[in-house]
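Topology and contacts: notes
Given next are the chains, with one letter for each unit.
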Amino acid sequence: MSRSVCENALIAAKLFLHDAEEPVRRSCLTKDRARRGYSPMCTENFASLIGEHGPNDLVKKYRVGPEALNVMHSDSDKSSTSIGEEVKSVLSSLHQPNAWPDHKNW
């Protein structure tokens, strides 16, 4: 990954997490904030993940990741391609749609 891509990502993160208005950030709230989208300050608790009790975290987060992964599977019980492989789209809890800010708000 090039240096300019990393620098631009850091600039965009600062603009989103520190400079944008809260309604812009909240436009990226998702059902499962642990995997995608925006998590407002004081809404998550890392201590609970390690079995401890503590106050909610004083941090804002924005998570993105791969949306889908195509892999080749060998499967003799199903119809196959000419090379004997079936193409399936593998979706897991880690492969979900990303939540982007609404262009009307930001």
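Residues numbered from 1 in each chain as written. Predicted model: local features only at pLDDT ≥ 70, side-chain atom pairs only at ≥ 80, totals over all residues. Heavy atoms only, no water.

All chains considered together, the criterion is met by seven salt bridges. Ionic pairing is found between Arg3 and Glu7, a salt bridge with its closest N-O pair at 2.8 Å. Residue Arg3 and its partner Glu7 are both found in helix 1 (residues 3-19); the two are separated by four residues, about one turn of the helix. Overlapping salt bridges, with partners in common, bring together Glu22, Arg25 and Arg26 in one network. (Salt bridge = Lys/Arg side-chain N within 4 Å of Asp/Glu carboxyl O. Helix = DSSP H or I, 4+ residues; strand = E, 2+ residues; numbered from the N terminus.)

Across soluble globular proteins, you tend to see nonpolar side chains buried next to one another. With seven residues, the main nonpolar core is built from Phe16, Leu17, Ala20, Val24, Cys28, Tyr38 and Ala99. Once you skip the residues sitting within four places of it in the chain, Tyr38 turns out to touch Phe16, Leu17, Glu22, Arg25, Arg26, Cys28, Leu29, Arg33, Lys60, Lys61 and Tyr62. (Core = buried A, V, L, I, M, F, W, Y, C linked by side-chain atoms within 4.5 Å. Buried < 20%, exposed > 50% of the residue type's maximum accessible area, 1.4 Å probe, protein only. Contact = heavy atoms within 4.5 Å.)

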